[in-house]
Amino acid sequence: MLKIEKLVAGYGKVQVLHEITIEVPKGKLVTLIGSNGAGKTTTLRAISGMIEPSSGSITLNGTSIAGLPSHEITRLGLAHSPEGRRVFPTLSVTDNLLLGAFPRLTGKRPKGEVEKDMQRMFELFPRLQERREQLAGTLSGGEQQMLAMARALMLNPEVLLLDEPSMGLAPKLVEEVFATIARLKQASITMLLVEQFAAAALDVADFGYVLENGRLAGSGPAAQLKNDPAVRAAYLGAAH
Amino acid sequence: MQNFLQILVSGISVGMIYGVIAFGYQLTFATSKTLNFGQGEALTLGALVGFSVVTALIGMGASPLLAYLLSLPLVLAFGLAQGSAVEWLGVRQAMKTKSEAGWIMSTIALGIIFKNMAENIWGKDPLKFPSPLPENPISLGGVNIRPMEIAIVLGALAMMLAVELFNRRSIYGKAVVATSNDRDAAGLMGINTSLVITFSYALSSLSAALAGVLVAPVTLTGAQMGAALGLKAFAVAIIGGLSSGLGVVVGGLILGITESLTGFYVDTGYKDVPGLILLLLVLSFKPAGLFGKTAIKKV
Ligand SMILES: Nc1ncnc2c1ncn2[C@@H]1O[C@H](COP(=O)(O)OP(=O)(O)OP(=O)(O)O)[C@@H](O)[C@H]1O
Ligand SMILES: [Mg+2]
């Protein structure tokens, strides 16, 4: 489904990622863990075209997407819920969701039933339904996070990239977010998840990759990584 | 009192012209944080293209009103094309290299080129644009209003309303708003944001071209006509705030009315002064404009 090989990327002259190789198989949930500044967000940005990779290959369903502008990558079916939510503050919740379906509404992707999908998002996130006419900028942080996820799902994506969907949320909401991710996984949505809560991410994921200073430091089935002493010491803390 | 109302009326129609041009500045500022400093020349070209089409149609036997109406789609299409060209030639490259001043220099330079082109094609002498409506004023409650002044107000409002509706109702309009909110996030929605910016330049020049053909019948038409209007509309955009559609209408009216009041009660020679004083006051005390939220950066 999504294959990243020897990806090198960074900002300006600063190289952040050093030959990263990640594979996200169809219908699987893969998580990318690592400390602050390890390069997780940079990896997702390079995949979705927010920054241009300097070398390496990225393929989506066999199509090379490395170096394409982000709108073209989105139109090929890759959705990215970016770090920091990035909802459109002056637009309503409904309009934000409609924009998530922009390629479907403008003939760049199969249309399907946008209205019905919007209803499904409201079932998944009832809080958004109550606030459907509210401007996204006036939502609470947790509500914005749900909106960002729902907006990405409105693409009906082949692959969904999630960058810290639980960032800044109260513990109860974090649980909710993980429950939602588990539900998406049951619906066989292919996902690449970046999370600060490494333990919870490995619990829900099929495979995991560990990123350290822009280099891959380990990878494997999630359950196996979770029991790896080095991973436990570095990322899972005393809690596990 | 009668005098005052009379002055108010002429101030309003001039003010709406400023408002439409300033609205054009806002359109590109919203999506790209850049402005077309050749906006006045976009107005000039719109008016002159309109002049040629209208006189040609009248030569073919059309009435001035019919000729004017038929010319509008052409003038607006010309505005779209001219604005796209400005973005392509002057802005895109400067934005790619993240050059802060590049787009300022290049849009000013393109403005000068357009003005020279206008002088070469239409000459340096002002032309008389055939008025589509009767030039004799009609009397409303003792106040004399020229029909064209009413057309200016209606045309300006229609233009701004149309853009507002487009932004609110259509998915493409929402894509424009999304690009103004957060360009990277809009790209992630599958929106081609460079195209959105080209489009906002096209629409910005369309506003100026429309302002040109609206004002042309009540003023002298020629290569010089846009320079002062573009500059004053820039003041209006600053006064009204670069992010508020209502702001530019109010800002335009404030400037138009103070100008005609000064022109009447003080001296026509001083009629440009109050607007500039207002501009300086706004810039020192409320740099985001009277109604705006975003201050213009490093310009
Ligand atoms: N826009 C940028 N310009 C320059 N350097 C950047 C930029 N964004 C990130 N970096 C640098 O790239 C490196 C990796 O950052 P990245 O955001 O990918 O980390 P992360 O793994 O997502 O961290 P976190 O868990 O804190 O979100 C860091 O050293 C950071 O300082
Ligand atoms: Mg990050």
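Structure's up top.
Residues numbered from 1 in each chain as written. Chains lettered and ligands numbered in written order. Predicted model: local features only at pLDDT ≥ 70, side-chain atom pairs only at ≥ 80, totals over all residues. Heavy atoms only, no water.

### Observations regarding the overall build of chain B
Consideration 1: Of the regular secondary structure elements, chain B holds eleven helices and two strands.
Consideration 2: The helix and strand sequence of chain B, counted from the amino end, reads α-α-α-α-β-β-α-α-α-α-α-α-α.
Consideration 3: The C-alpha radius of gyration computed for chain B amounts to 19 Å, which stays within 12% of the reference 19 Å derived for 299 residues, consistent with globular compactness.
Consideration 4: Principal axes of the C-alpha set define a box for chain B whose edges measure 55 × 50 × 35 Å.
Consideration 5: Per-residue burial over chain B gives 52% buried out of 299 residues.
Consideration 6: When contacts within chain B are restricted to residue pairs at least 6 apart in sequence, long-range pairs at least 24 apart make up 77% of them.
Consideration 7: Summed over its atoms, the accessible surface of chain B is roughly 13100 Å², and 70% of this surface lies on carbon and sulfur atoms.
Consideration 8: Counting 18 positive and 13 negative side-chain charges, chain B places the averaged centre of each group 9 Å from the other. (Helix = DSSP H or I, 4+ residues; strand = E, 2+ residues; numbered from the N terminus. Rg over C-alpha atoms; globule rule 2.2 N^0.38 Å. Buried < 20%, exposed > 50% of the residue type's maximum accessible area, 1.4 Å probe, protein only. Contact = heavy atoms within 4.5 Å. Areas by Shrake-Rupley, 256 points an atom, 1.4 Å probe, with all protein chains shown as cover. Lys, Arg positive; Asp, Glu negative; His and termini not counted. Charge placed at Lys NZ, Arg CZ, Asp CG, Glu CD.)

### Section: the interface of chain B and chain A
Consideration 1: Residue-level contacts link 17 residues of chain B with 22 residues of chain A.
Consideration 2: Between chain B and chain A, the buried area comes to about 1800 Å², and carbon and sulfur atoms account for 66% of it.
Consideration 3: When the buried area of chain B at its contact with chain A is split by residue, Ile171, Leu188 and Met189 of chain B rank highest and sum to 37% of it.
Consideration 4: Put simply, lysine 174 of chain B and aspartate 95 of chain A hold a salt bridge, and the shortest N to O gap is 2.8 Å.
Consideration 5: Counting across the interface, chain B meets chain A through six residue pairs in polar contact (both at pLDDT 80 or more).
Consideration 6: Elements with a minimum of two residues in the side of chain B that touches chain A: α6 (171-181) and α7 (183-188) of chain B.
Consideration 7: Looking at which element gives the most residues to the side of chain B that touches chain A, the answer is α6 of chain B, with seven residues. (Buried area = accessible area lost by both parts, 1.4 Å probe. Salt bridge = Lys/Arg side-chain N within 4 Å of Asp/Glu carboxyl O. Polar contact = N/O pair within 3.5 Å; in protein donor to acceptor, adjacent residues only side chain to side chain.)

### Re the coordination of the magnesium ion (ligand 2)
When a metal holds four donors in a tetrahedron, each ideal angle between them is 109.5 degrees; when it holds six in an octahedron, the ideal angles are 90 or 180 degrees.
Residue and element names in this part refer to chain A.
Consideration 1: Looking at the magnesium ion (ligand 2), the protein donor atoms are Thr41 (OG1) and Glu83 (OE), and they sit 1.9 to 2.1 Å from it. Taken as a pair, threonine 41 in helix α1 (residues 40-48) and glutamate 83 in the loop between β6 (78-81) and α3 (93-100) lie far apart in primary sequence, 42 residues in all.
Consideration 2: Residue class for threonine 41 comes out buried when judged on its relative accessible area of 14%.
Consideration 3: Classification of glutamate 83 as partly exposed rests on a relative accessible area of 29%. (Donors = N, O, S within 2.8 Å, 3.2 Å for Na, K, Ca; no water.)

### Overview of the sheet that holds strand β4 (residues 55-60) of chain A
Residue and element names in this part refer to chain A.
Consideration 1: Ordered in space as β2-β1-β4-β5, the four strands form an open sheet in which the pairing is antiparallel. Since the sheet does not close on itself, it has two edges, and those belong to β2 (14-24) and β5 (63-64), each with one partner.
Consideration 2: Here strand β1 (residues 2-11) runs beside β2; their pairing, made up of seven bridges, is antiparallel. Opposite alanine 9, over in β2, you have leucine 17 as the bridge partner.
Consideration 3: Of the strands in this sheet, β1, β2 and β4 touch α1, which is tilted by about 110° from β1. (Pairing = 2+ DSSP bridges. Axes fitted to C-alpha atoms, helices over the stretch in contact; angles between N-to-C directions.)

### A word on the packing of aromatic side chains
Consideration 1: Here the structure, examined in full by the defined rule, presents eight aromatic pairs over all chains.
Consideration 2: Both rings, one in phenylalanine 37 of chain B and one in tryptophan 103 of chain B, keep their centres 6.0 Å apart while their planes meet at 15°; by these two values the pair is stacked. Note that phenylalanine 37 of chain B is positioned in the loop between α1 (2-32) and α2 (39-59) and tryptophan 103 of chain B in helix α4 (residues 102-122), a separation of 66 residues in sequence.
Consideration 3: We classify phenylalanine 37 of chain B as partly exposed; its relative accessible area is 23%.
Consideration 4: Judged by relative accessible area, which is 6%, tryptophan 103 of chain B ranks as buried.
Consideration 5: Every member of this aromatic cluster is reached through a ring pair, and the members are Tyr25, Phe37, Trp103 and Phe234 of chain B.
Consideration 6: Positioned above the aromatic ring of phenylalanine 88 of chain A, the side-chain terminus of arginine 151 of chain A is 4.8 Å from the ring centre.
Consideration 7: Looking at lysine 33 of chain B, its charged tip hangs above the ring of phenylalanine 29 of chain B, at a distance of 5.2 Å from the centre. (Phe/Tyr/Trp six-rings, centres within 6.5 Å; stacked < 30°, edge-to-face > 60°. Lys NZ or Arg CZ within 6 Å of the ring centre and 35° of its normal.)

Honestly, it's all geometry; don't read function into it.
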